[in-house]
Amino acid sequence: MMLVVLLGAPGAGKGTQAAVLRDRLGIPHVATGDLFRTALRAATPIGLEAKAYMDAGQLVPDDVTIRMLEERLGRPDAAAGAILDGFPRTAVQARALDAFLAARGGRVDAALLIDVPAEDLVARLSGRWICRAAGHPYHATMNPPRVAGTCDLDGSPLYQRDDDRPETIRARLASQLADLDAVVEHYRSTGALRTVDGREPIGEVSAALGAALEAVAAGTSGRA
Ligand code: AP5
């Protein structure tokens, strides 16, 4: 089992890089934000509960989020592992994940922090466009599609997330960065943390993450 956690502030590039790692490692990309948005579209109780928090830029309560994530990791396609994007977001979630994995003889193999200064994040999120069919992310100027408004990979229309409005972006950053620090410290203490510079172009960030994973696999990398 290979369990990789992608850490980063909202807009750091977790979803962009998770798609690259999924293709490289052959294990599923599990994003709690996507699970909540899917639940909301299906109008399930979890989706409806999460909506108020997401609209306010706040984290959904730990108990709901942990239950949803554990249910997802229990599905057959995650038996060989997963790339977690957006989970854990609090120290409570990090400890719950450790316990869940330990009960199955596993652990977090690598916690990869994509480090981007707060001042870059608003521009990234307010310019983001996402494909309707599969969630492939684009950026109006930094990563534009070949044809405006259309996904390069599957031709589906692009849309902007409700929580990518400037006022919600500011609320997400204000309320979530302290929790991110706590999760980073958790993985620093376990020795799983590796940090890459997320200000670099997408391909260079992918290469740095790949190198960090190879070093983890070879047991040669130092602590972050
Ligand atoms: P979630 O969907 O997880 O959103 P997020 O963490 O806010 O992260 P984003 O998806 O906004 O950003 P990203 O890091 O994936 O960046 P991306 O690759 O798209 O969570 C949404 C909400 O759900 C939360 O606010 C919360 O309410 C709830 N939630 C989710 N998980 C939860 C949990 N565990 N506990 C409690 N609540 C939870 O990139 C951003 C943009 O930048 C794109 O346009 C992209 O093209 C561009 N870009 C990417 N990399 C680069 C680069 N290197 N250079 C230039 N541009 C780049």
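Just so it is clear, the structure is predicted and the values come from calculations on it, not from any experiment.

**A closer look at the pattern of salt bridges**
Next up, step 1: Summed over all chains, the structure comprises 15 salt bridges.
Next up, step 2: Among the salt bridges present, the one from Arg 22 reaches Asp 23, with a minimum N-O distance of 3.5 Å.
Next up, step 3: Looking at Arg 22, the relative accessible area reads 32%, which means it is partly exposed.
Next up, step 4: Residues Glu 214 and Arg 24 are paired through a salt bridge, measuring 2.8 Å at the closest nitrogen-oxygen approach. With Glu 214 in helix 8 (residues 202-218) and Arg 24 in helix 1 (residues 14-25), the pair connects residues that are 190 residues apart, well separated along the chain.
Next up, step 5: You can call Glu 214 exposed: its relative accessible area is 51%.
Next up, step 6: Through salt bridges with shared partners, one network takes in Arg 128, Arg 161, Asp 163, Asp 164 and Arg 172.

**With respect to the sheet that holds strand 8 (residues 193-197)**
Next up, step 1: The 5 strands lie next to each other as 2-3-1-4-8, forming an open sheet whose pairing is parallel. At either end of the open sheet lies a strand with only one pairing partner, and these are strand 2 (29-31) and strand 8. The mean angle between the axes of side-by-side strands here comes to 25°, regardless of whether they run parallel or antiparallel.
Next up, step 2: As paired strands, strand 1 (residues 2-7) and strand 3 (residues 81-85) are joined by 5 bridges and run parallel to one another. Within strand 3, the residue paired with Met 2 across the bridge is Gly 81.
Next up, step 3: Across the face of the sheet, helix 2 (residues 32-41) comes into contact with strand 2 and strand 3 while running at roughly 65° to strand 2.

**Things to note about the sheet that holds strand 6 (residues 137-139)**
Next up, step 1: If you walk across this open sheet you meet the 3 strands as 6-5-7, and the pairing is antiparallel. Both outer strands of the open sheet, strand 6 and strand 7 (158-159), are each paired with one neighbouring strand and no more.
Next up, step 2: As paired strands, strand 5 (residues 128-131) and strand 6 are joined by 3 bridges and run antiparallel to one another. Its bridge partner being in strand 6, Ile 130 is matched across the sheet by Pro 137.

**A closer look at helix 2**
Next up, step 1: Among the residues of helix 2, Thr 32, Leu 35, Phe 36, Arg 37 and Ala 39 are the ones counted as buried.
Next up, step 2: Buried positions along helix 2 lie against strand 2, helix 3 (45-55), helix 4 (62-73) and strand 3.
Next up, step 3: Following helix 2 by one or two positions, Ala 43 has its phi on the positive side, about 55°.

Calculation rules
- Residues numbered from 1 in each chain as written.
- Predicted model: local features only at pLDDT ≥ 70, side-chain atom pairs only at ≥ 80, totals over all residues.
- Heavy atoms only, no water.
- Salt bridge = Lys/Arg side-chain N within 4 Å of Asp/Glu carboxyl O.
- Buried < 20%, exposed > 50% of the residue type's maximum accessible area, 1.4 Å probe, protein only.
- Helix = DSSP H or I, 4+ residues; strand = E, 2+ residues; numbered from the N terminus.
- Pairing = 2+ DSSP bridges.
- Axes fitted to C-alpha atoms, helices over the stretch in contact; angles between N-to-C directions.
- Contact = heavy atoms within 4.5 Å.

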